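Structure assessment
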Amino acid sequence: MTKKVKFIYNPAAGDRSVIRYLDNFFEKFQSAGFKLDVYRSMEEGDFRNGLDDLSEDHKAIIIAGGDGSASNVINIMQQKNIELPLGIIPTGTANDFASYIGMSENIERSIDTILKWKIKEVDIGRVNDRFFLNVCAGGVISNIAHRTETEMKNRLGKVAYYLYGLKELTNIKPMALKITSSQREISGEFLAFFIFNSKDAGGFKNIAQFASIDDGLFDLIAIKSANIIKISSVIADLLQGKNINNDNIIYIQDEYFKIEKIGDDRAIEHCDIDGEKGPRFPLEIQLLPKAHKIISG
Ligand SMILES: Nc1ncnc2c1ncn2[C@@H]1O[C@H](COP(=O)(O)OP(=O)(O)OP(=O)(O)O)[C@@H](O)[C@H]1O
């Protein structure tokens, strides 16, 4: 039987470097005895077509792209009950999830890692009808990722997130939320919330210090509304992965959260999923333990 891998690439991700490496992909996979079945994502949102013609010969799906591409592919695989392992070649901007699972941003090295074929079962999340991999977030701070223009992200890379973040902090507007977990209910004004599956987001490492991809739990971090001078140093500590013990930070581990807006605040209608626009509020977020196979480093 032919050993095939479905290889999907997003030519627009990151600095578009994936295009320069296509010959490497063919060379390495063919030398390892695989036939590459290639699909180029043609435009925004075009990953579904790439997963339409899978057969028994396919042994894995490989996506070359950033967090958004990997998240879109996971979403479609879950919806279509495709149980193949997913390999991620990190060619995006932040690449939070791929680097968390040990994939190198050196593309040749990450191909070698995939060819070692270490399969791991990881938890994934579902928010309303959308599956996600890394983080579900809401609020002004999390808006940074999807409101930063793709072109600007590609040109400036991670710096774009920081610059946009600083600009946003000056006109910050808190939102009134009710956060319900299976054990607690908290209502109040928040600047942002993040429901982590891994530990990293927006290119920042170890934000959710106690998180793990296969522990059956999400880690929620919610930032309460507070004096902007005081809170900006807390946020800076958070982004640097420092130990946060502050009354304005809520940290809860749970497998289920419901997040509702209180009142009719129109400023934020959608959450953010893995750096892309996600479903509308109210949000029901459920963890699916060890629900997906990935190829890890
Ligand atoms: N051919 C294409 N042209 C433009 N956009 C595309 C194309 N194919 C896919 N997309 C879109 O690109 C977005 C995903 O980009 P992705 O997140 O992978 O890269 P990134 O933003 O550079 O990286 P990261 O999320 O890791 O910072 C998705 O919204 C997807 O629909």
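As the structure is a computational prediction, the values presented were derived from the model and not from experiment.

Within helix α4 (residues 107-116), the full set of buried residues consists of Ser110, Ile111, Thr113 and Ile114. Buried residues in α4, looked at end-on, bunch into an arc of 160°, giving them a common side. Opposite its buried face, α4 presents the exposed residues Arg109 and Lys116, each directed more than 90 degrees away. If you follow the buried residues of α4, they end up packed against α1 (22-31), β3 (58-65), β4 (86-90) and β15 (283-295). Looking at the residues trailing α4, positive phi occurs at Trp117, about 60°.

Turning our attention to the confidence of the model for the protein chain. Scored by pLDDT, the protein chain comes out at a mean of 89, with 89% of its residues at no less than 70. Model confidence for the complex is summarised by a pTM of 0.90, with the ipTM given as 0.96.

What follows is about the environment of Gly102. Here Gly102 is to be found in the loop between α3 (96-100) and α4. It is 28 Å that separates the C-alpha atoms of Gly102 and Ile250, two residues lying 148 residues apart in sequence. When sequence neighbours within four positions are dropped, the list of residues in contact with Gly102 reads Ser296 and Gly297.

With that settled, consider the pairing of β3. Counted residue by residue, β3 has six buried out of eight residues, so it is predominantly covered. Of the strand pairs in this sheet, strand β1 (residues 4-9) and β3 are connected by six bridges, and their pairing is parallel. Residue pairing across strands places Phe7 opposite Ile62, the latter belonging to β3. Where β3 lies against β4, five bridges are found, and the strand directions are parallel. Residue pairing across strands places Ile61 opposite Leu86, the latter belonging to β4. For the segment spanning β3, helix α2 (residues 67-79) and β4, crossover handedness is right-handed.

So, about unusual backbone geometry. Of note, the bond from Phe281 into Pro282 is cis; its omega dihedral lies within 30 degrees of zero at -5°. Here Pro282 lies in the loop between β14 (276-280) and β15. The backbone of Asn95 sits at a positive phi, close to 50°, despite the residue not being glycine. Looking at the secondary structure, you find Asn95 in the loop between β4 and α3. We note that Lys290 has phi near 45°; this positive angle belongs to a residue other than glycine.

About the thresholds
- Residues numbered from 1 in each chain as written.
- Predicted model: local features only at pLDDT ≥ 70, side-chain atom pairs only at ≥ 80, totals over all residues.
- Buried ≥ 20, exposed ≤ 12 C-beta atoms within 10 Å, placed from the backbone.
- Helix = DSSP H or I, 4+ residues; strand = E, 2+ residues; numbered from the N terminus.
- Arc of directions from axis to C-beta.
- Contact = placed C-beta atoms within 7 Å.
- pLDDT = per-residue confidence, 0-100.
- Pairing = 2+ DSSP bridges.
- Right-handed = clockwise from strand over helix to strand, strands pointing away.

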